[in-house]
Amino acid sequence: MNKTQKHIIMIPAMLDFHFPLIRLAFEAPEYEIVILENKEQIKETGLRYIHNDLCYPLVLIAGQMISALKSGKYDLSRVWLLIPQAGDACRGSNYIHMLRRAVDNAGFHDIPVMSLNVTGLESKNRFHVRPVMIRKAIAALFYSDLLFALYNQLVPYEADAGSVDKKVHEWRNVLTQQIRSGHGLSAKSIKNTMNMIAEDFRHIKLLDIKLNKIGIAGELYVKYCSLGNNDLCPHLIRKKCEYIVSGLSWYVLYYIDTHLAHENPVVTKAAGLFSAYLVSLQRSVVDILRKNGFVSLDAFDEYKRNAGGLISFTFETADGWLIGADICNYSRCGYKKIIAAQPFECMPNHVCGKGIYRSLQKKLGDVSISSIDYDTSLPQVNIHNRIQMLLDS
């Protein structure tokens, strides 16, 4: 490859709402970041190379990547595939090995598959993150969490269709320029900008109607990715529902709490300091939302305490106790009907999630939890029927 040409870093769709800003953190003179958007036939393509007994997200991710490689849109001599790894006992941590085999079996023997992780995995094929990337990613994370909360709460009530989407688009353009320039990345600047965003959204004209209030908990990919949950959120809006989904920063802090806080003393101390900084920014998001009349989960330390005595914090694999903590905190915010979305064949989520739903319903009393297993063979009508039963309960 010519040294003047950029590597095409191909990333699968995973975080629909957050990737438009987070992708900016990985931009560099030598990288062209591509977040895949192709949807056609990705499940069928994935099943050609991934066994259907494996995790549903892997089928979709492999299918999306291989379909993109076959599309003819990209110069394959420049393509790198990038996949995140958690580094725990979840099979998701082994995606990269199965993905490599699938890509090889599809005939793309020379395409590198890189790992994005913070636990030292895949040292020879690890995507190296620079300090400036982390600073930009932090700003993108909290801006996206704020926009995510505003969007979810306002879209079902908007008086003028498309007004919330338009506002999100306007602010993303502003934030894109800010993040790309590397300016305004201090905590003070981030908080000031978030204040302006929330105040601007507060002026959107809304309908005075009452809607069903739904909480969405579950596995990371299925919770945040429309490919993984079969366009769950647009369906809820059509069914006249307002919904809440915990922001990505709660997952990030959960990951630090469960995966990095028990390492060697140096890593533990660094993780503690980094976590405290993130919580301070997250608390700003919470305060700004509430000050402007919106609903927000508590910041992570209070969020975890709220679930104490209701769930066990020993479940630390994959999304672990975060699923139960989401449900407990949604209930505190008035969202009593919960969709628990998880991939079929995801063992940690079946144990840590399904294993506590009945217990949580008893302890919380007025909460209804509907568990939906997303699978390659699950008909859309079955999903909609489960959701309708929850809405009618």
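Since the structure is predicted, the reported quantities are computational estimates derived from the model, not experimental observations. Starting afresh in each chain, residues are numbered from 1 along the sequence in its written order. pLDDT decides what is reported in this predicted model: residues at 70 or higher carry local features, side-chain atom pairs at 80 or more are listed and counted, and totals for whole chains, interfaces and linings draw on all residues regardless. Side-chain measures here rest on the full set of heavy atoms in the structure, leaving out hydrogens and waters.

1. Let's talk about the environment of R283
Heads up, the condition is: Note on conventions: DSSP H or I runs of at least 4 residues are helices, E runs of at least 2 residues are strands, and numbering of each starts at the N terminus. Any pair of residues with heavy atoms lying within 4.5 Å of one another is described as a contacting pair.
Within the secondary structure, R283 sits in helix α11 (residues 265-291). The spatial distance from the C-alpha of R283 to the C-alpha of I134 is 19 Å, given a sequence separation of 149 residues. Here R283 is in contact with A299, D301 and E302, once residues within four sequence places are set aside.

2. Here's the deal with the packing of helix α6 (residues 163-181) against helix α7 (residues 187-201)
Two numbers describe a pair of packed helices, the interaxial angle and the distance between the axes. The criterion, for reference: Where helices are involved, their axes are fitted lines through C-alpha atoms of the stretch in contact, as for all axes, and angles between N-to-C directions lie from 0 to 180°. Small angles under 35 degrees read as roughly parallel and large ones over 145 as roughly antiparallel, with 65 to 115 read as roughly perpendicular and the rest as oblique. For any pair of crossing helices, the crossing counts as left-handed if the nearer helix is rotated counterclockwise from the farther one by less than a right angle, and right-handed if it is rotated clockwise.
For the pair α6 and α7, interaxial distance at closest approach is 11 Å and the crossing angle is 165°. Here α6 is positioned roughly antiparallel relative to α7, judged by the angle of their axes. Seen along the crossing, α6 lies across α7 with a hand that is right-handed. Between α6 and α7, the residues in contact are V164, K167, V168, W171, L175 and Q178 and T193, M196, I197, D200 and F201, respectively.

3. Focus: the pairing of strand β3 (residues 79-84)
Residues in a regular strand project their side chains so that they alternate between the two faces of the sheet. Formally: Three exposure classes are used, based on accessible area relative to the maximum for each residue type with a 1.4 Å probe and protein chains only: buried under 20%, partly exposed in between, and exposed over 50%. One bridge is not enough; two strands pair if DSSP finds at least two bridges between them.
In terms of burial, β3 is a largely internal element, five of the six residues being buried. Two strands pair when backbone bridges link them, and strand β1 (residues 7-11) and β3 are joined in this way by three bridges, in the parallel orientation. Residue pairing across strands places I9 opposite W80, the latter belonging to β3. Judged from the four bridges that link them, β3 and strand β4 (residues 113-116) form a sheet pairing that is parallel. Residue pairing in the sheet places P84 in a bridge with L116 of β4.

4. Notes on the layout of surface pockets
Put simply, the test is: Within this scheme a cavity is a closed region of a 1 Å grid, computed over the protein atoms alone, that accommodates a 1.4 Å probe without allowing it to escape, whereas a pocket is open but has protein on both sides within 12 Å along at least five of seven lines; lining residues each have an atom within 4 Å of a point. Grid points are joined across faces, edges and corners, and a volume is the space filled by probe spheres set on the points. Gly counts as polar in this scheme, as do all residues outside two lists: the nonpolar Ala, Val, Leu, Ile, Met, Phe, Trp, Tyr, Cys and Pro, and the charged Asp, Glu, Lys and Arg.
Each pocket or cavity is described by its volume, and for the largest pocket that value is around 1,500 Å³. Forming the boundary of the largest pocket are 50 residues, of which P84, L116, V118, V252 and Y255 lie nearest the centre. Elements with a contribution of two residues or more to the lining of the largest pocket: α1 (19-22), β3, α5 (131-154), α8 (220-224), α10 (248-260) and α11. Take the lining of the largest pocket: its biggest share by element is six residues, from α10. Broken down by class, the residue content of the lining of the largest pocket amounts to 40 nonpolar, five polar and five charged. Of the voids in this model, the second largest pocket is the one considered here, and its volume is about 770 Å³. Of all elements in the fold, only α1, α5, α6, α8 and α9 (232-238) reach the threshold of two or more residues within the lining of the second largest pocket. Here the residues of the lining of the second largest pocket sort into 20 nonpolar, seven polar and seven charged.

5. Overview of the packing of aromatic side chains
Let me state the cut-off plainly: Side-chain rings of Phe, Tyr and Trp (the six-membered ring for Trp) are treated as a pair once their centres are within 6.5 Å; stacked means planes under 30 degrees apart, edge-to-face means over 60, and tilted covers the remaining angles.
Using the criterion set out here, one finds 12 aromatic pairs in the structure. Ring geometry for Y31 and W80: centres 6.2 Å apart, planes at 55°, overall tilted. Here the residue Y31 occupies a position in strand β2 (residues 31-35), and W80 occupies one in strand β3, the gap between them amounting to 49 residues. Overall, Y31 belongs to the buried group, its relative accessible area being 11%. Residues F300 and Y303 carry aromatic rings whose centres are separated by 6.0 Å and whose planes lie at 25° to one another, so their mutual orientation is stacked. Of the two residues, F300 and Y303 are both situated in helix α12 (residues 300-306); the distance of three residues between them amounts to about one turn of the helix.

6. A short note on empty space enclosed by the protein
Enumeration according to the criterion identifies one cavity of 30 Å³ or more in this entry. The space that makes up the largest cavity amounts to roughly 150 Å³. Taken together, 16 residues line the largest cavity, and the ones lying closest to its centre are A149, I244, V245, G247 and W250. Elements with a contribution of two residues or more to the lining of the largest cavity: α5, β6 (241-245) and α11. For the lining of the largest cavity, the element with the highest residue contribution is α5, accounting for five residues. Across the lining of the largest cavity, the residue classes tally to 10 nonpolar, five polar and one charged.

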